[in-house]
Amino acid sequence: MATKGKKSARAPKGAGPRVNTPLFFLLAALLLLFGGYYDFLVFAAAAVLAVLLALQIRRTGGLTLPRGPVPWLLLGLVLCAGLTLPAAVGPGMALTGVLRWLAALLFFLYAATFTQEERGLMLDSVAWQGAIMGGISICLFLGTLLTGGEDANGRIDGFFQYANTYALFLLVCLALLVGKNKRQGLDWPAMAVLLLGIFLTGSRGIFLLLAAAGLCWAIYRLAVKKQVRPVLMGAAGVLLAAVLAVALSGGMVLDRLEAITLESSSLNGRLLYYLDGLELLAQHPFGVGRGGYLYLQPIVQTGPYILKSIHNEYLQAALDGGVLSGVLLLALVCAVVFRRGAPLRERAAAALLGLHACIDFDFQFFAMLCLLLLCGVGGEGRTVAVKKPAVLAAGGVLAAVFACFTLPYGLSFFGNSRGAYALWPFDLSLAEERLQACADLEEAGEIADAILRQTSLSMLAWDCKFAQAAAEANYPAMATYRYQYLQLNPYRPEVYQEMTTLLENACVQAPEGLELYQTLAEQTAVLLEEVYARTSPLAYKIADAPDFSFRPALLIRLETITEER
């Protein structure tokens, strides 16, 4: 029962703020380990958080609940993810969505046990860690150039292995250093490193966000603080970093700056994704479960692309957990940004995270979501008394559950698809991973059958069934399975060509199935025409624009099959 008016447990009176805390080291580790992108890292962190939170509650005698909507919004996201399980494309995948949001809730509750000063010190340390990580990334980038090597992307991907979110992390660290009340001498070179790192990532979205944030900061300094010198120094620093980045990158930065136009492939591609995603959301307003978007996108897509995440966290949350889930995530970000009494730099950092989440999948990197939540804790809380044995039992159970899920996803990350699938065969992604690695056609067929019992939307499973039928020269089955595969690859010309060639050969090799082949030929022609008609004008503005030059000749071949006697 809640003890009304009782303040959260804090450090003993007169004691200084806690430093080198487990929370900081956990967050630092996530930032270094790919930003916590992979599921096994999230689950391992959650297991640790469950133990730490249980021990803290046992020590203080109660659970600290910060005032405000954030913990309830996180709980709502957990429940929304859970409600999608029965109707999800893959319930095993959807369960990971529940666990990831539950991990975020555990992080927030544990962060609430620290004082505002302690959390401020953590954010200072994170900002410095970002500068060190940025410096290492710059050195590695320059080392590659000096040794005559070539970077795969020609720009810094950093520790996250994804340039855009890594650039956002560097920008958030820059905002945290700029907003410090008492700046130290070494903060200036750290900010210079962060600026240079941002430009060398070549992230155009971050370039625009940096410009907007810089403009807001300049207006604040001039209009509120009446300070001109910091604005001039800041502008000069940004310009110098940009020029240096252009020189070091061999013009890459300048090329990407010049590519910021309304006709850019990146902008039009995202608009295409969002419109298709909204159509899918209209068909599935209660969500498709985490991971389901990848499997359903061929049904609604109006251009050639394959995406695991839709590059918009709010729309992704809605697709995963339903419209309500998207609204809750947006409300959570707004609650953090507009939290009463929050330091300005924490609001700025949260605003940067929330804005960039409109155009990318930043919160799939668990460390970035944790940074947002760390900025969202504050103010007085209330302590809910909890019995110590119950706390230890609940913490132990939660830690054990997360540890159990860490194992299969950890095995998957390290290439042991057999072990991962054996431990958790209900996740479609793990099943498909095992299917791809399987050398035995009979075993692969069993896995494909298991996948197809869950969903008919797996192109890998249909491809495996086709291979099985081909081994037996079963042309009717080959044609049927290839058409299923084609439906899930509507923008690949070579698949249409393969399908048509297969039908032509089948008419000769196994004429007893002629009626089936003619039906499939008609359906293939109809599918091609439907895809051609529904293709968005935006699709022709992206780098991988659709190619329908094969269409007239292919339709003639398909018509020949349907007229064969």
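Just so it is clear, the structure is predicted and the values come from calculations on it, not from any experiment.

Participant: Please set out empty space enclosed by the protein residue by residue, giving values where relevant.
Facilitator: Evaluated as defined, the whole model comprises four cavities of 30 Å³ or more. Here the largest cavity is characterised by a volume of approximately 270 Å³. Those elements that provide at least two residues to the lining of the largest cavity are α4 (91–111), α13 (313–321), α14 (323–337) and α16 (366–375). Class assignment for the residues of the lining of the largest cavity results in eight nonpolar, seven polar and four charged.

Participant: Explain the pattern of salt bridges residue by residue, including any values.
Facilitator: Counted under the stated rule, the structure contains 15 salt bridges. Between Asp124 and Arg345 there is a salt bridge, and its shortest N-O distance comes to 2.7 Å. Of this pair, Asp124 sits in helix α5 (residues 116–146) while Arg345 sits in helix α15 (residues 344–356); the two residues are 221 residues apart in sequence, bridging distant segments of the chain. A relative accessible area of 17% means that Asp124 is categorised as buried. Of the charged contacts in the structure, one is a salt bridge between Asp360 and Arg270, with a shortest N-O distance of 3.3 Å. Here Asp360 is found in the loop between α15 and α16, whereas its partner Arg270 is found in helix α11 (residues 265–283), with 90 residues between them in sequence.

Participant: Please provide a residue-by-residue account of the layout of surface pockets, values included.
Facilitator: Each pocket or cavity is described by its volume, and for the second largest pocket that value is around 1,000 Å³. Around the second largest pocket sit 40 residues that line it, and Leu294, Tyr295, Lys308, Ser429 and Glu432 are the ones nearest its centre. The set of elements that each furnish at least two residues to the lining of the second largest pocket consists of α2 (39–60), α4, α12 (292–300), α13, α17 (388–413), α19 (428–437) and α21 (459–471). At five residues, α19 tops the list of elements feeding residues into the lining of the second largest pocket. Along the lines of polarity and charge, the residues of the lining of the second largest pocket split into 19 nonpolar, twelve polar and nine charged.

Participant: With reference to specific residues and values, describe the packing of helix α1 (residues 22–32) against α5.
Facilitator: Relative orientation of the contacting elements α1 and α5 amounts to 25°, with a least axis distance of 11 Å. Considering the angle they form, α1 stands roughly parallel to α5. Every pair of crossing elements has a handedness; the one defined by α1 and α5 is right-handed. Each of Leu23, Phe24, Leu27, Ala28, Leu31 and Leu32 in α1 lies in contact with α5, whose residues at this interface are Met122, Ser125, Val126, Gln129 and Met133. Counted by class, the contact of α1 with α5 contains nine nonpolar, two polar and no charged residues.

Participant: Could you give an account of the environment of Val526, naming the residues involved and the relevant values?
Facilitator: Considering the arrangement of structural elements, one finds Val526 in helix α24 (residues 514–534). In sequence terms Val526 and Leu555 are 29 residues apart; their C-alpha atoms lie 9.5 Å from each other.

Participant: Outline the pairing of strand β1 (residues 62–66), listing residues and values.
Facilitator: With five of its five residues buried, β1 lies for the most part within the structure. Judged from the five bridges that link them, β1 and strand β2 (residues 381–385) form a sheet pairing that is antiparallel. Bridging across to β2, Thr64 finds its partner in Thr383.

Participant: Quick rundown of unusual backbone geometry? Include the residues and the values.
Facilitator: Of note, Gln161 is a non-glycine position whose phi angle comes to about 60°, a positive value. By the secondary structure assignment, Gln161 is in the loop between α5 and α6 (163–178). Phi is positive for Lys226, close to 55°, though the residue is something other than glycine. Relative to the elements of secondary structure, Lys226 occurs in the loop between α8 (204–223) and α9 (229–248).

Criteria and cut-off values
Residues numbered from 1 in each chain as written. Predicted model: local features only at pLDDT ≥ 70, side-chain atom pairs only at ≥ 80, totals over all residues. Heavy atoms only, no water. 1 Å grid on protein atoms, 1.4 Å probe; cavity = no way out; pocket = protein on both sides within 12 Å on 5 of 7 lines; lining within 4 Å. Points joined across faces, edges and corners; volume = space filled by probe spheres on them. Helix = DSSP H or I, 4+ residues; strand = E, 2+ residues; numbered from the N terminus. Nonpolar A, V, L, I, M, F, W, Y, C, P; charged D, E, K, R; others polar. Salt bridge = Lys/Arg side-chain N within 4 Å of Asp/Glu carboxyl O. Buried < 20%, exposed > 50% of the residue type's maximum accessible area, 1.4 Å probe, protein only. Axes fitted to C-alpha atoms, helices over the stretch in contact; angles between N-to-C directions. Parallel < 35°, antiparallel > 145°, perpendicular 65-115°, else oblique. Left-handed = near helix turned anticlockwise from the far one by under 90°. Contact = heavy atoms within 4.5 Å. Pairing = 2+ DSSP bridges.

Shape is all these values report; function is a separate question.
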